[in-house]
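Residues per chain, in single letters:
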Amino acid sequence: MHKKPLVRSQVGEKLMLTALAGQPYERPPIWLMRQAGRYLPEYRDLRAEAGSFLNLCLTPGFAAEATLQPLRRFPLDAAILFADLPLPALALGQDLSYRDGEGPVLPPIRDRVGVSKLHMARFHEVLAPVYETVRLVRQKLPPDRALIGFAGAPWTLATYMVEGGGSTDHAHTKRFAYGDPAGFSALIDLLVEATGDYLIAQIEAGADIVQIFDSWASSLPDYGFSRWCLDPIRKITARIKAAYPLVPIIAFPRGIGFFYEGFAAATGVDAVSLDTGVSLAAAAKLKEETVIQGNLDPQLLVTGGRAMKEATDQIMARLSGENYIFNLGHGIVPQTPVEHVTALVSQILTWRK
Ligand code: 1CP
């Protein structure tokens, strides 16, 4: 694999950037998807203090604190911006709220008339607190820890905007996309523009890396996969690379199975995050074409003990070495005991071949 140049001032400083450049390292970096959140008692306290989840996300002092909490407990190699995936929908003029302990709720947009009401006029104004959070975190984060900015991919964000919240079948989104591809394209094109702007603003505020979450890419069949998953991510990547060629981009196209092969080349991203369904054999093969991240089952982190240790050893034995970042295959769940996270992080930090 081609080795990418590192920014001189960052050489040897951030293990995450060394790994993302495909350079050799002593051990793989580790961070964990959804490392902030309800499994941490200090997060639950902060959440109660903030009142609402939206207030937590959009108050820089609170959001920066939530971002930093997991790094105070565990020696992780990266912090990930505390925000939520549907925030750009709010910034485009769609209402967004949260029911206690649950996911986002939005008034659904089901057709091109709905799409035509969205606009960029107040986009950066609404998201300004997120950029301020990035600035605050970068100031407080030690220089050897990376800060990951993030956004949802257009397809995944569109599923929340069209369904009006979380869904497992994405039936309305598919009916819109298949039935009126030009109308749905107008939504995706707007989200490509908005997401590119959003990630560039996070980089300008101090994010070292950005990750694009296509958490519902799994729901696209071959028909539509290029148009709604690959193309939008490729366009966003090209735009970021034109402005900031040295900022690594990670994509998480969750659950895409065989489509993982060639994904990095097709989109231009520097790394792909693997879900729990990718076999270690397939992951080892993917590692020859791009940097990979993943893919311990978050439920093993709930179980802990021997099962977690064995599974982690198997992953490390097969994948550690350059081009690999340790992570989960999806986010930490609220039932996770904190001690299991401590044990996992220490296993990676002390791991030797
Ligand atoms: O530590 C971190 O990772 C920080 C922040 C973070 C991130 C990166 C949160 C906080 N959310 C996200 C991304 C996100 N949000 C994704 C992509 C990653 C993934 O696939 O898990 C998605 C799909 C969402 C949407 C969302 N937000 C859901 C899922 C809803 C559904 O049914 O589809 C939920 C439950 C939320 C709320 C949320 N976001 C984050 C937290 C800590 C919470 C829980 C809110 C609470 O405290 O009550």
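All figures in this text were calculated on a predicted structure; none of them were measured in a lab.

Would you explain the overall build of the protein in this entry?
Helix and strand counts for the protein stand at 16 helices and nine strands. Against the compact-globule benchmark of 20 Å for 353 residues, the protein has a radius of gyration of 19 Å, which places it among compact chains. Taken over the C-alpha atoms alone, the protein extends approximately 60 × 45 × 40 Å along its principal axes. Relative to its full complement of 353 residues, the protein shows a buried share of 59%. For the protein, long-range pairs separated by at least 24 residues make up 73% of all intrachain contacts whose partners lie at least 6 apart in sequence. Summed over all atoms, the accessible surface of the protein reaches about 14,200 Å², with 53% contributed by carbon and sulfur.

Would you mind showing me how to read the site of the ligand here?
Near the ligand, the surroundings consist of 21 residues, among which Tyr 43, Asp 84, Tyr 160, Ser 215 and His 330 are the closest. Between the ligand and Arg 47, the relevant distance is 2.9 Å, taken from an oxygen atom to a side-chain nitrogen or oxygen of the residue. Between the ligand and His 330 there is a distance of 2.7 Å, counted from an oxygen atom to a side-chain nitrogen or oxygen. With the chains in place, 89% of the 900 Å² that the ligand exposes on its own is no longer accessible. Class assignment of the residues belonging to the shell around the ligand gives a composition of twelve nonpolar, five polar and four charged.

Hey, could you run me through the sheet that holds strand β6 (residues 249-253) in this one?
Strand pairs in the sheet, formed through backbone hydrogen bonds, run parallel or antiparallel to each other. Strand order across the open sheet formed by seven strands is β1-β4-β5-β6-β7-β8-β9, with parallel pairing between neighbours. The outermost strands of the open sheet, each flanked by one partner alone, are β1 (78-80) and β9 (324-328). Averaged over neighbouring strand pairs, the angle between their axes works out to 25 degrees when direction is ignored. Bridge count for β1 against strand β4 (residues 146-152) is three bridges, and the pairing is parallel. Across the sheet, residue Ala 79 finds its bridge partner in β4, namely Leu 147.

Can you walk me through the pairing of β6 in this structure?
Among the five residues of β6, five are classified as buried, and the element is accordingly described as predominantly covered. Neither face of β6 is left uncovered, since the one carrying Ile 249, Ala 251 and Pro 253 and the one carrying Ile 250 and Phe 252 both have all their residues buried. Pairing geometry for strand β5 (residues 209-214) and β6, over five bridges, is parallel. What sits directly across from Val 210, in β6, is Ile 249. In this fold, the crossover linking β5 to β6 by way of helix α11 (residues 222-243) has right-handed handedness. Across two bridges, the pairing between β6 and strand β7 (residues 271-273) is parallel. Directly across from Ile 250, in β7, lies its bridge partner Ala 271.

Thresholds, definitions, all that
- Residues numbered from 1 in each chain as written.
- Predicted model: local features only at pLDDT ≥ 70, side-chain atom pairs only at ≥ 80, totals over all residues.
- Heavy atoms only, no water.
- Helix = DSSP H or I, 4+ residues; strand = E, 2+ residues; numbered from the N terminus.
- Rg over C-alpha atoms; globule rule 2.2 N^0.38 Å.
- Buried < 20%, exposed > 50% of the residue type's maximum accessible area, 1.4 Å probe, protein only.
- Contact = heavy atoms within 4.5 Å.
- Areas by Shrake-Rupley, 256 points an atom, 1.4 Å probe, with all protein chains shown as cover.
- Near = heavy atom within 4 Å.
- Polar contact = N/O pair within 3.5 Å; in protein donor to acceptor, adjacent residues only side chain to side chain.
- Nonpolar A, V, L, I, M, F, W, Y, C, P; charged D, E, K, R; others polar.
- Pairing = 2+ DSSP bridges.
- Axes fitted to C-alpha atoms, helices over the stretch in contact; angles between N-to-C directions.
- Right-handed = clockwise from strand over helix to strand, strands pointing away.

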